[in-house]
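# Structural characterization, general
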Amino acid sequence: MGRSLVYKIPLPFTLEQYSRGILYTTTEVSRRETGKGSGIEVLLNQTQPFTLPPDSSTRTPATPVECQYTKKIYHMERMTPAFIKSLAMKMYGKNILKFTEESHNAYPFMFTQSENLEQPDRFSCTVISVHLADKGDCAKPRFLHDHPFLKSHKKPYEKVPVRVLDITKEIEGEKSKFKYDPTTFRSQQLGIGPLPASDKKTPWWDKWEGPMMCCYKYTYLDINFFPMSSKMEKTFFKNQELALLKMHKQMFCFLDTWGRMSMEEVQRFEHEVGAQLATLLHKEDVRFEYEVADDQPAAAGADKSMDKSDVTPNLSNPPVAPSSPAAAVADLTPASGAAAQLPAPAAVSASSSDNEPDPAAAAQQPDALTPVPA
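Residues numbered from 1 in each chain as written. Predicted model: local features only at pLDDT ≥ 70, side-chain atom pairs only at ≥ 80, totals over all residues. Heavy atoms only, no water.

Any two packed helices are characterised by the angle at which their axes cross and by the distance between the axes. At their nearest, the axes of helix α1 (residues 15-32) and helix α6 (residues 263-280) sit 9 Å apart, and the two run at 20 degrees to each other. When the axis of α1 is compared with that of α6, the two are roughly parallel. Crossing geometry of α1 relative to α6 is assigned as left-handed. Between α1 and α6, the residues in contact are Ser19, Arg20, Leu23, Tyr24, Thr27, Glu28, Ser30 and Arg31 and Met263, Val266, Gln267, Phe269, Glu270, Val273, Leu277 and Leu280, respectively. Here the residues of the contact of α1 with α6 are counted per class, giving eight nonpolar, four polar and four charged. (Axes fitted to C-alpha atoms, helices over the stretch in contact; angles between N-to-C directions. Helix = DSSP H or I, 4+ residues; strand = E, 2+ residues; numbered from the N terminus. Parallel < 35°, antiparallel > 145°, perpendicular 65-115°, else oblique. Left-handed = near helix turned anticlockwise from the far one by under 90°. Contact = heavy atoms within 4.5 Å. Nonpolar A, V, L, I, M, F, W, Y, C, P; charged D, E, K, R; others polar.)

So this is what it looks like as structure tokens:
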């Protein structure tokens, strides 16, 4: 049957800033968490034609454009306990913990589809992202409200849960591990922050006087692992929300790393990392999710990487247009029960790692190359 959910994520960025920030963040996290046989393998990253869907709100017909198309394989073996991994492979096949993702990035519109490599009929996920210069108060976001499922209802989002994610609120149960707080961080280079904390009456975006944009995400998920399908879908959405919150909190607190980095520099960094992921996939020194250490995220040209090998820009290669950041969306971590342990494809890129910078330390490094994607 499947489940649907709409997220709204108000953020203190311009649309242009967000396009750089989210691309850098997902690339860096992918680099950090690829190894020990798990992580991301980039098969294709190329520009190709794409047709934007028609938009009834502006009476715009379907429009041919160019997008950045990426095809990836998510290897999730390391994310799964050994017993569950062995059981899942015996029951469903050796590739049951691998997922394919095809993403079309025509920013500010993004379309991503993921499915299980072994049994695509058992797991499929569609994420449609739209980014608008507002505070999340658009009743009919462009493209999104025309989706056949949403359009089948009389009222916008009728029968579809809508969750507004507040990046100033503390993540329950993560205080000791996750140390990125937009209400205490101030960018020394850009003079942005800290964000005002939301209270019971007023959300932070109604107190903020800077630029604003909102990321709208529609997710349709269909999992068929009877009798655990319903529980797995609930677990997926719970962890998708957690991953989105963490990713966007980090993006704000990394402003001194990515804020002045040009899109060409971010694209070059993405190109260099993508070329190394196949090698990193088999490295042994993998960082762990959400733990914080002292080093900074890598920037284009920086001599830092997950396995201490160089990730330096190759100036002979042209910059690559941004790949879809929708991979940062879903972070399905193992739940109880054998079938519920099967993770979602975007778990790798949505999480953070143990060697990411402390926000306070980042704020004290004004000379760092400033690089942070929906």
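Taken as a whole and judged by the stated rule, the model has 11 aromatic pairs. Both rings, one in tyrosine 92 and one in phenylalanine 225, keep their centres 5.0 Å apart while their planes meet at 80 degrees; by these two values the pair is edge-to-face. Of this pair, tyrosine 92 sits in helix α2 (residues 82-92) while phenylalanine 225 is found in the loop between β8 (213-223) and α4 (229-253), placing the two residues 133 residues apart along the sequence. Just as tyrosine 92 is buried, phenylalanine 225 falls in that class too. Seen from their ring centres, phenylalanine 99 and phenylalanine 123 are 5.2 Å apart, and the 75 degrees between their planes marks the pair as edge-to-face. On the criterion of sequence distance, the pair formed by phenylalanine 99 in strand β4 (residues 98-106) and phenylalanine 123 in strand β6 (residues 123-132) is long-range, its members being 24 residues apart. (Phe/Tyr/Trp six-rings, centres within 6.5 Å; stacked < 30°, edge-to-face > 60°. Buried < 20%, exposed > 50% of the residue type's maximum accessible area, 1.4 Å probe, protein only.)

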